[in-house]
Amino acid sequence: METRSKDGTWPSKQPRAVSSTSKEDENFQGQPGICGLTNLGNTCFMNSALQCLSNVPQLTEYFLKNRYLEELNFCNPLGMKGEIAEAYADLVKQAWSGHHRSIVPNVFKTKVGHFASQFLGYQQHDSQELLSFLLDGLHEDLNRVKKKEYVELCDAAGRPDHEVAQEAWQNHKRRNDSVIVDTFHGLFKSTLVCPDCGNVSVTFDPFCYLSVPLPVSHKRVMEVFFVSMDPRRKPEQHRLVVPKKGKISDLCVALAKHTGVSPERMMVADVFSHRFYKIYQLEESLSSILDRDDIFIYEVSGRSSISENTREDVVLPIYLRERTPARDYNNSYYGLMLFGHPLLVSVPRDRLSWDALYHILLYRLSRYVTRPSSDDEDDGDEKDMEGKNSIPKPGNMAGGSSHNPGPEQAGPSSGVAGGSRAPVNNSPGPSHWPQRARRKHLFTLQTVNSNGTSDRSNFNEDTHAQPYIAIDWEPEMKKRYYDEVEAEGYVKHDCVGYVLKKAPVRLQECIELFTTVETLEKENPWYCPSCKQHQLATKKLDLWTLPETLIIHLKRFSYTKFSREKLDTLVEFPIRDLDFSEFVIKPQNESAPELYKYDLIAVSNHYGGLRDGHYTTFACNKDSGQWHYFDDSSVSPVSENQIESKAAYVLFYQRQDVARRLQSKPQPGSSDPPAPPTCESLPKSESMDVN
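Since this is a predicted model, take the numbers as computed values, not measurements.

The next thing to look at is a negative patch on the surface. A cluster of acidic side chains, namely Glu 509, Glu 512, Glu 572, Glu 582 and Glu 644, defines a negative patch on the protein surface. Glu 512 gets classed as partly exposed once you look at its relative accessible area, which sits at 41%.

Spelled out as structure tokens, the structure:
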């Protein structure tokens, strides 16, 4: 959204959109750096990354004092001809001038889209991805190495670590030397071990930020509804804890502990829009079930099967349908509408007749379907006397016309009518079942397809199709004998009331996980120079040297072959004195402990989920030491106890020796600093609006 200025002009029509401000800001004087960035349309990710980077003291001083002008590299083929550096410098100078409440980063956004097409337009993006691009772009635009020489990477080959590390850093600096390298680059030690020959490969690689994983629980909480064979019992809602990589059988075992029903007597189905979207086999993976799916687990007889030919009982999927007159001129056309919850009913093979099935289903529905009295039946017989000779065969709709009952509605593929769930070939098919009794029934039965939207008169044509049965109700009969309120009723098991709290994790745990030995995946093998073939080697990363400003990216977004999720685990991170001495393996200088201790200076937050969300920033002003909350164009002061939240995504830490060095330098205007802006209320970090 764009707001028209008071003089009638539009900000985007100004010749320099990045510097366009209203007349109210012309005489404004505030704290340098306390300046918002206008959201141009889903650009909160960019604003958050820029505010974090803008509050890195030594980098901002570098641009404010114009030292970048001497180091602009216009001929670097890997750079952006200095344009990204110049656009960022303009932005920093305006934000730290103290003359603006907020600025419009239009020119910078255009430059980014020009050099990185993935950021073109106004789609939502990741603040860490933009930060990675921006750091790389600034580095190449400000690289002091004008002509990069070829450098051959060398393996340790048994040499001491300090010698190999020094060589690797020197080689890196021969090609990469900029303020970004000085400020953000550190050194990894990477150790690969071949599982076959035991060959060990040690290399030292530079890094710009740490992407640390979050400890992931191997358990998963799933909510299901249990439908008992006892018609008097309402469906029960259960909350079950199962293995994340488990199978459908694990879900049944977990439910058996609550119900006492054997897992062998359970069938699991995904119900969607009054029909079976899928009926699962026991060996299928739980990862195919999403949290939003409505999962029903039905109790069946121990002799039942939907696929085995040797079982004594067969399981029939049952749908409920209501016949509704169509809106045509002669009312000769009837529509059918699914309603209620479908059932899986065990039927003995020797009772596969329409009449027996009618009474079995009447019993299963007895909790919410009232049996008619003898007077009702007599009344119904009298009214139906004329048409008793027209009772159709099982292939046709009872009481209906010969017209097509309606076009098939488009429904999801159920995945049920596969050959793995074929009925018994030698069992009496629906076309061979005896005729139904001619006395008045509450409902009629019809064989249908898996969507319940079309009738099938002859199953001999498709012997491998699972027979689905529809219970068809006339509107008057449904209104009279079917209790919808009772049919939709369910009870909650005690386990539903349990609140499973996620325990917070410490940032140090994430770093430990980052340095843990792991085995390479099949998609990313390592070529062993000794074996001369690709191997799934073990890999270990260690921290050798750390930069002045350390960026820690919390990997909250988890992507696997079957699922995608955002981890909302609370990560506890210290504001001050984050000690890395236990993680750095390089021999340490005991007389300078501040070389391994860091203080927090900025946090990029992400609120929301995978599909949508909103980015904001907490940052500490380098001049005043006051923390502020940056939400696009809005800026307000906050206290330190509000910074830690489940939304923390990218953390910026500054080494303590660098902070002391910068504080010892006289700050311009420090004798009479302008008062920071005030606000009426401080934001709650857990209640931010989602963009």
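From this point on, the discussion continues.
All right, on to the sheet that holds strand S8 (residues 266–272) then. One open sheet accounts for 6 strands, arranged S9-S8-S10-S6-S7-S17; its pairing is mixed. Only two strands of the sheet have a single partner each, and these edge strands are strand S9 (275–279) and strand S17 (491–492). Here S8 runs beside strand S10 (residues 295–299); their pairing, made up of 5 bridges, is antiparallel. Paired with Met 266 across the strands is Glu 299, a residue of S10. Contacts between helix H8 (residues 248–259) and the sheet are confined to strand S6 (219–227), strand S7 (236–243), S8 and S10, with S7 contributing the most and set at about 130° to the helix.

Okay, helix H3 (residues 83–95) next. Here H3 is 13 residues long and its end C-alpha atoms lie 18 Å apart, about the 18 Å a rise of 1.5 Å per residue gives. The set of residues buried in H3 consists of Ile 84, Ala 85, Ala 87, Tyr 88, Ala 89, Leu 91, Val 92, Gln 94 and Ala 95. Taken together, the buried residues of H3 touch helix H1 (44–54), helix H2 (57–64), strand S2 (102–103), helix H4 (106–115) and helix H5 (127–141).

Looking now at the packing of aromatic side chains. Scanning all chains against the criterion turns up 25 aromatic pairs. Ring geometry for Phe 276 against Tyr 319: centres 5.8 Å apart, planes inclined by 35°, an arrangement best described as tilted. Of this pair, Phe 276 sits in strand S9 while Tyr 319 sits in strand S12 (residues 313–325), and the two are 43 residues apart along the sequence. When sorted by exposure, Phe 276 lands in the same class as Tyr 319, which is buried. These aromatic residues form a ring-pair network of at least three members: Phe 225, Phe 276, Phe 296, Tyr 298, Tyr 319, Tyr 468 and Tyr 490. Across the ring face of Tyr 122, the terminal group of Lys 109 is positioned such that the distance to the ring centre comes to 4.7 Å.

At a minimum axis separation of 9 Å, H2 and H3 run at an interaxial angle of 100°. On the basis of their axis angle, the class for H2 and H3 is roughly perpendicular. Here Leu 59, Thr 60, Phe 63 and Leu 64 of H2 come into contact with H3, specifically with Ala 85, Tyr 88, Ala 89, Val 92 and Lys 93. For the contact of H2 with H3, the per-class residue count stands at 7 nonpolar, 1 polar and 1 charged.

This next bit is on the sheet that holds strand S3 (residues 186–193). With respect to topology, 4 strands assemble into an open sheet ordered S4-S3-S22-S19, the strand pairing being antiparallel. If you trace the sheet from one side to the other, it starts and ends with strand S4 (200–207) and strand S19 (518–519), each paired once. Relative to strand S22 (residues 538–545), S19 is paired through 2 bridges, and the arrangement is antiparallel. Following the sheet pairing, Glu 518 is matched in S22 by Lys 539. Sheet contacts for helix H6 (residues 161–175): S3, S4 and S22; angle to S4, the most-contacted strand, approximately 40°.

Thresholds, definitions, all that
Residues numbered from 1 in each chain as written. Predicted model: local features only at pLDDT ≥ 70, side-chain atom pairs only at ≥ 80, totals over all residues. Heavy atoms only, no water. Patch = residues over 30% accessible without salt bridge, like charges linked within 9 Å, V, L, I, M, F, W, Y side chains within 5 Å. Areas by Shrake-Rupley, 256 points an atom, 1.4 Å probe, with all protein chains shown as cover. Salt bridge = Lys/Arg side-chain N within 4 Å of Asp/Glu carboxyl O. Lys, Arg positive; Asp, Glu negative; His and termini not counted. Charge placed at Lys NZ, Arg CZ, Asp CG, Glu CD. Buried < 20%, exposed > 50% of the residue type's maximum accessible area, 1.4 Å probe, protein only. Pairing = 2+ DSSP bridges. Helix = DSSP H or I, 4+ residues; strand = E, 2+ residues; numbered from the N terminus. Contact = heavy atoms within 4.5 Å. Axes fitted to C-alpha atoms, helices over the stretch in contact; angles between N-to-C directions. Expected span 1.5 Å × (residues − 1). Phe/Tyr/Trp six-rings, centres within 6.5 Å; stacked < 30°, edge-to-face > 60°. Lys NZ or Arg CZ within 6 Å of the ring centre and 35° of its normal. Parallel < 35°, antiparallel > 145°, perpendicular 65-115°, else oblique. Nonpolar A, V, L, I, M, F, W, Y, C, P; charged D, E, K, R; others polar.

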